[in-house]
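# Structural features, examined
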Amino acid sequence: MNRPLDLGTTGEFRRPRRLDVLIPTRNRPAELSVTLAGLAAQVEVPDFGVVVSDQSDDDPAYAHPAAATMVRALRQRGHPVLLTRRLPRRGLAEHRAYLLGRSVARYVLCLDDDVWLEPGTLGRLVTAIGELGCGFVGNAVHGLSYVDDVRPETHGHYEEWDGPVVPEVVRPDTPQWHRSAIHPAANLLHIQQKLALPSGAWRAYKVSWIGGCVLYDRASLVDAGGFDFWRRVPANHQGEDVAAQLAVLARYGGAGVLPSGAYHLESPTTVTDRAVEAWEVAAADTPQPA
């Protein structure tokens, strides 16, 4: 039988580090266990911390024995883990804003609770953001059930950065918006396979936004407003990650990174009421840079 799990405290956790991983979760003990297991296998970044914030209807997902074991494994490997609950629910953006407030690390990885990272992923992302010097980098997630569903018409939206990553204003009325077509299903995996990059190599490509696994320079994210727009949107929204990334793109630039080591677990969503697009509200209320 599992013994009681030490939740940790914000005061002890909130220390300067190179990287913290921020995971919001709700009603997903199995998926959270897999996500934490992926993190426990990352070795290239020895000093990262993990914050899990739970909004489950009943017991928190991290209390499940499998998830609790992965928490203990992370701590055993030297990674501080903070376990919190954030109730009542006020929407996705507020949950992410709360998580961001638990960290003072240089970089923060916003990682969804249904994403497994293959070994080496964190190291590649940290290397990429350090070399590119932009506001965020990310790994779009692969949906392996679509591996035989090849959609070549989407591949033309893939465009690598040739030179420094620069700020971009991306909106639905711009051609850049359609870059997101390469991220659903297994489209990015098929592009990745065609590139056949040698071991250790990576490429930065242009994005409109990335879902599931995004590494921010924390100072850039905070300067762009973070997720503070949660006060201006109703709780039943989606697209909070899009809103934050559009703001960071416009000020500091951002990039996708190939190869992607992020895999979507393809579980049913736990957010069923998504009537409002948060990025539409945030974009309308935010002055655009000159």
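Calculation criteria
- Every chain's residues receive numbers from 1 upward, in the order its sequence appears when written.
- Residues qualify for local features only when their pLDDT is at least 70, as the model is predicted, and side-chain atom pairs are given and counted only at 80 or more; totals for whole chains, interfaces and linings, by contrast, use all residues.
- Only heavy atoms go into the side-chain values, all of them from the structure, while hydrogens and water stay out.
- UniProt positions are given in the numbering used here, feature names are shortened, and annotations may be inferred rather than shown by experiment.
- Secondary structure elements are taken from DSSP: a helix is a run of H or I of four residues or more, a strand is a run of E of two residues or more, and numbering for both begins at the N terminus.
- The buried label goes to any residue with under 20% of its type's maximum accessible area, the exposed label to any with over 50%, and the partly exposed label to all in between, with areas taken from a 1.4 Å probe on protein chains only.
- Two strands make a pair as long as DSSP finds a minimum of two bridges between them.
- Here a salt bridge means any side-chain nitrogen of Lys or Arg lying within 4 Å of a carboxyl oxygen belonging to Asp or Glu.
- The term nonpolar core refers to a set of buried residues drawn from Ala, Val, Leu, Ile, Met, Phe, Trp, Tyr and Cys, joined through side-chain atoms within 4.5 Å.
- By the convention used here, residues are in contact when the closest approach between their heavy atoms is within 4.5 Å.
- Here a cavity denotes grid points, spaced 1 Å and computed from the protein atoms alone, that fit a 1.4 Å probe unable to get out, and a pocket denotes an open set having protein on both sides within 12 Å along at least 5 of 7 lines; residues with an atom within 4 Å of a point are the lining.
- Grid points are joined across faces, edges and corners, and a volume is the space filled by probe spheres set on the points.

### Considering the UniProt feature "domain: Glycosyltransferase 2-like" (unreviewed entry) in the protein
The UniProt entry lists residues 21-142 under the feature "domain: Glycosyltransferase 2-like" (unreviewed entry), expressed in the numbering used here. Taken end to end, residues 21-142 is 38% helix and 22% strand, and its first and last C-alpha atoms sit 20 Å apart.

### Focus: the pairing of strand 8 (residues 213-217)
For a regular strand, side-chain orientation follows a simple rule: the groups alternate between the two sheet faces. For strand 8, a buried count of 5 out of 5 residues is recorded, marking the element as mostly surrounded by other parts of the structure. Residues C213, L215 and D217 line one face of strand 8 and the alternating positions V214 and Y216 line the opposite face, and both faces are buried. Where strand 4 (residues 107-111) lies against strand 8, 5 bridges are found, and the strand directions are antiparallel. Among the inter-strand pairings, V108 is bridged to a residue of strand 8, identified as Y216. Note: strand 6 (residues 136-138) against strand 8, 3 bridges, orientation antiparallel. Residue pairing across strands places G138 opposite V214, the latter belonging to strand 8.

### What to know about helix 4 (residues 92-101)
In an α-helix, one turn spans 3.6 residues, which is why side chains three or four residues apart end up on the same side. In terms of burial, helix 4 is largely enclosed, as 8 of its 10 residues are buried. Burial in helix 4 covers these residues: A93, E94, H95, R96, A97, Y98, L99 and L100.

### Description of the pattern of salt bridges
Throughout the structure, instances matching the rule amount to 15 salt bridges. Between D57 and R89 there is a salt bridge, with the nearest N and O atoms lying 3.2 Å from each other. You can see D57 sitting in the loop between strand 2 (49-54) and helix 3 (65-76) and its partner R89 sitting in the loop between strand 3 (81-85) and helix 4, a full 32 residues away along the chain. Residue classification places R89 among the partly exposed positions, given a relative accessible area of 40%.

### Section: the nonpolar core
In this structure, L36, L39, V50 and L109 are the most contacted members of the largest nonpolar core, which totals 42 residues. No other element matches the 5 residues that helix 5 (residues 121-132) contributes to this core. Setting aside residues up to four positions removed in sequence, L109 forms contacts with L19, D20, V21, L22, L117, L122, L125, C213, V214 and L215. If you look at the next biggest cluster of nonpolar residues, it comprises 39 residues, including V51, A97, V170 and V214.

### Focus: the environment of Q192
Looking at where Q192 falls in the secondary structure, it is placed in helix 6 (residues 187-195). In this structure Q192 comes out as buried when scored by relative accessible area, which is 16%. C-alpha of Q192 to C-alpha of R203: the two residues are 11 residues apart in sequence and 9.8 Å apart in space. Excluding its chain neighbours within four sequence positions, the residues that come into contact with Q192 are H142, L258, P259 and S260.

### Looking at empty space enclosed by the protein
Applying the stated rule across the entire model yields 1 cavity of 30 Å³ or more. What the largest cavity holds in volume is close to 50 Å³. As for the largest cavity, its lining consists of R96, C110, D112, I210, G211, G212, C213, V214, Y216, F227, D241 and Q245. Those elements that provide at least two residues to the lining of the largest cavity are strand 8 and helix 8 (240-252). At 3 residues, strand 8 tops the list of elements feeding residues into the lining of the largest cavity.

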